[in-house]
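Reading the structure
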Amino acid sequence: MKESNIGPFERIRVPGADDPKNALEVFKIQCENFRSLKKIKRVPKQTEVLIIGGGIIGSFVAYWVKNTSPYLNVTVIEKDSNYPKSSTFWSLGGFRQQFSLSENIKMSLFGADFMKNAKEYLKCGKNDNVDLEFNHDGYLFLASKKSADQLYNNHKIQLAHDAKVRLLNKDELKEKFKWINTDGVELASFGYQNEGWIDPRKYLLAVRNKATYLGTDYVNGNLIGFESDINDQAILNKQLTLKTALVDTLDGKIVPIKFQKVINAAGPWAAEVAKLADIQLPVEPRKRYIYMFYAKDGPILNVPLTIDHSGVFIRRQGLSNYYFCGLNQSGDKESKNLDLDHIDYDYFEKEIKPVLIKRVPSFKDMKLVNAWSGYYEYNTLDQNLIIGRHPVHQNFIFTNGSSGHGLQHSAAIGKAVSELIIHDAYKTIDLKRFGFERVVRESPIKEIEVV
Amino acid sequence: MHLTRILFKTRSVRNELIEMQKNSQKSMSISEFLLWLYKERNFSILDGLRNFRKKRYQNSIDAVNKFFESDLNKLGPDLHAATYTLKMGGKCRLHGSSKWLFLGNEKIENILPSQRIEDFYVEGIDLSKTVIKYDGISNIETCSSLKTLVFKDCPFADDWLLSRISHAFSDTLEYLDISNCQNFTDNGLLTLGYLRNLKLLKMEKLNNAKNKEYISILLEENLENVVIEGANHLSSDALKSIEQKLIVEEMELRKIIESNK
């Protein structure tokens, strides 16, 4: 190329770009450029269904709405599509049916059915290589003398719903799982089918890909406020409807989006979203630590996700003797410091390690490898899901307060909400009992936990 | 940030972008075009036509893989399992005989009794080259004394099926063949640890189970009497890589020795 043909504009280049050593850096910058170009998408001015929060529940709502009626426009607002603070991304990914409320058991069974046919549901056109790598090792609850009766009662309810669970006494437990020290265990409940765990990130990305493939718009942005259409007729009918959402699209613009239905799927920050519409929601973010450790002689075969009666849980990670562990505590004891970077290592040494070594003797020489913390949405009323329409704002739909069970119930929640949008009623699972009315009446429906 | 802005302005980047767009337009196949039509104009018939054959094929498979509860109540667990396998195109072996029964051109009434009888036990079920799926297992699950199970060349058998088998027959099963099923992965093989009485396990040609060799070692450690065929602990690739490493080390040693001289 001749020098004279190049205008002054083209001569601007990255300093040092000609140096072959810097080629990789330049290439990285170019890649970034392409990605940012792709990201700048037209924000739709109006949409039928607006979903706030692009985590697993929001993605599933978008997926089911688009799946059942592709004519509806669906827009999802996500704060950060890298999901650095998402509770989905940092969760453990456990699936179980061992609940005491029939709605929860039904939702779990629906989730398991979805997982079974996930290849069919989540494939995008020609690309049908969807392998979610579900681990079939099951879920094991260990109950002490105190909680054994409750475990037995729960077991009866689960059997009535055709859940594949089995009770094990001390000897059976020892025979089946040789690595467990059975001291202090009175009864154990082993979910041997449809239970296990999954990589939550893979799950989220697969569902999100499918939702975008079906035509959902994912918009990067922050919800700032709602505008409601107030006229005399609406006030007379006592039906205040929200009409537009103001969204900060993170590049200095504030865009109004008109909608017909809005779904609150903001996870831990659901209360903030509800507050913008003048609704008090008893949901707050809580922090939970997960520790990863290495144990040289630890068991690999026949290791279900085990929950001790003290609340300590263990889950195998991969095949090379790495394990995740943590502690389920009652809400009051958890740390109030909500900074994700702050990790309490003393907590592991004092509270978790002694219990682990006592329960599994082969973890004797364990080494802490890594630790992180993640948020989960804590329902301060009854630690259960709040789903359904708001009694006054008829087009505001909740999917909040799952308190740590959101991932395994997300498929069912999405299905239920899509039915609520399209048919105005629940069809597959009746979730009327979990409605917002119980928050107004302050009558909690509590899940009776064994741990 | 400043650098990216400069690059954004240069023509080279823009040209590449335009080229990319052109390429994407060129490679649009007919099916993608239909899909685009469907998305833009909502011609749902076109999409339906595209998937019609596939759906009909899958529906026929699902129809066979149901749980036939009324038959189970009529015939009893073992007889129902035997008739189900024969209807699926598999073979079965009864207690006390070494003959494998199968449905050729004969009617099923000539091979198996058509009413519930006592002391009828199935010992072996061979479902190789059938369209068995997870849900179909519920017809076989109720057998009380099954010792042999064969799932060779089953294209629709997956990890869910394997986990179901390993808990349903955990006390009785002695021989299991799961060769050449491409949907089995590591997670499914790991559940085989619950089969306490397993004596022989065949697992050849499982391409998607990446750590098959390692899992076979774990199974041999955990189960007392098991013999595993089809999983060489050191595969030919591993041996080759070890050989290459040894050669490289030798070369380096020679170099060091020569330099010392």
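Just so we're clear, the structure is a prediction, and the values are computed from it rather than from any experiment. (Residues numbered from 1 in each chain as written. Chains lettered and ligands numbered in written order. Predicted model: local features only at pLDDT ≥ 70, side-chain atom pairs only at ≥ 80, totals over all residues.)

Re the sheet that holds strand β7 (residues 227-229) of chain B
Whether parallel or antiparallel, the strands of a sheet pair through hydrogen bonds between backbone atoms. Residue and element names in this part refer to chain B. As summarised here, the arrangement of the seven strands in space is β2-β1-β3-β4-β5-β6-β7, forming an open sheet in which the pairing is mixed. Since the sheet does not close on itself, it has two edges, and those belong to β2 (100-102) and β7, each with one partner. Taking the axes of each pair of neighbouring strands and ignoring which way they run, one obtains an average angle of 15° across the sheet. Of the strands in this sheet, β1 (91-94), β2 and β3 (122-126) touch helix α6 (residues 77-88), which is tilted by about 20° from β3. (Pairing = 2+ DSSP bridges. Helix = DSSP H or I, 4+ residues; strand = E, 2+ residues; numbered from the N terminus. Axes fitted to C-alpha atoms, helices over the stretch in contact; angles between N-to-C directions. Contact = placed C-beta atoms within 7 Å.)

Some points on unusual backbone geometry
The bulk of non-glycine residues show a negative phi, and the bulk of peptide bonds are trans. Phi is positive for D424(A), which is not a glycine, with a value near 65°. By the element assignment, D424(A) lies in the loop between α11 (406-422) and α12 (437-441). Despite not being glycine, D119(B) has its phi angle at roughly 55°, a positive value. Relative to the elements of secondary structure, D119(B) occurs in the loop between α7 (108-111) and β3.

Re the domain arrangement of chain A
All names here are of chain A. We note that the domain assignment places domain 1 (42-135 + 196-282 + 380-451) and domain 2 (136-195 + 285-377) within chain A. Each of domain 1 and domain 2 has a C-alpha centre, and these two points are 28 Å apart. Secondary structure elements with two or more residues in the side of domain 1 that touches domain 2: β3 (94-95), α3 (102-116) and β7 (196-197). Top element by residues in the side of domain 1 that touches domain 2 is α3. It accounts for five residues. Among the residues forming the side of domain 1 that touches domain 2, the class breakdown is 14 nonpolar, 16 polar and three charged. (Domains from an automatic or database assignment. Nonpolar A, V, L, I, M, F, W, Y, C, P; charged D, E, K, R; others polar.)

Notes on the sheet that holds strand β13 (residues 305-307) of chain A
Residue and element names in this part refer to chain A. With respect to topology, eight strands assemble into an open sheet ordered β5-β6-β4-β13-β14-β15-β12-β16, the strand pairing being mixed. Edge strands, defined here as strands with exactly one partner in the open sheet, are β5 (165-168) and β16 (367-379). Geometrically, the sheet is characterised by an average inter-axis angle of 20° between neighbouring strands, direction not taken into account. Of the pairings in the sheet, the one linking strand β4 (residues 139-143) to strand β6 (residues 187-191) comprises five bridges and is antiparallel in character. Bridging across to β6, L142 finds its partner in A188. Contacts from helix α5 (residues 148-160) reach β4, β5 and β6, with the element oriented near 30° to β6.

So, the domain arrangement of chain B
Considered domain by domain, chain B is made up of domain 1 (2-61), domain 2 (65-230) and domain 3 (237-261). The straight-line distance from the C-alpha centre of domain 2 of chain B to that of domain 3 of chain B is 49 Å.

Details of the nonpolar core
Of all hydrophobic cores here, the largest spans 102 residues; its most connected members are I51(A), I52(A), F60(A), V61(A), A188(A), I263(A) and C325(A). Mapped onto the domain boundaries, this core takes at least three residues apiece from domain 1 (42-135 + 196-282 + 380-451) and domain 2 (136-195 + 285-377) of chain A. Every residue in contact with I51(A), bar those within four places of it in the chain, is listed here: G58(A), V61(A), A62(A), V74(A), T75(A), V76(A), I263(A) and A265(A). Counting residues in each nonpolar core, the second largest holds 48 residues, with L75(B), I140(B), C154(B) and V226(B) among its members. (Core = buried A, V, L, I, M, F, W, Y, C linked by C-beta atoms within 7 Å. Buried ≥ 20, exposed ≤ 12 C-beta atoms within 10 Å, placed from the backbone.)

Observations regarding helix α10 (residues 345-359) of chain A
Residue and element names in this part refer to chain A. Helix length check: α10, at 15 residues, gives a terminal C-alpha distance of 20 Å against a target of 21 Å (1.5 Å per residue), a fit within 8%. In the structure, α10 departs most strongly from a straight axis at I352, where the bend amounts to approximately 45° and where the proline P354 lies between one and four residues downstream. Listing the buried residues of α10 in full gives I352, L356 and R359. (Expected span 1.5 Å × (residues − 1). Bend = angle between axes of the 7 residues up to and from the residue.)

Things to note about the pairing of strand β18 (residues 396-400) of chain A
Residues and elements named next belong to chain A. Most of β18 sits out of view: five of its five residues are buried. Residues F396, F398 and N400 point to one face of β18 and I397 and T399 to the other, with burial holding for every one of them. The pairing of strand β11 (residues 254-264) with β18 spans three bridges and is parallel. The partner of I263 across the bridge, within β18, is I397. Alignment of strand β17 (residues 386-389) against β18, held across four bridges, turns out to be antiparallel. Following the sheet pairing, G388 is matched in β18 by F398. In textbook terms, the turn of a hairpin is the stretch between consecutive antiparallel strands, and for β17 and β18 this stretch comprises six residues.

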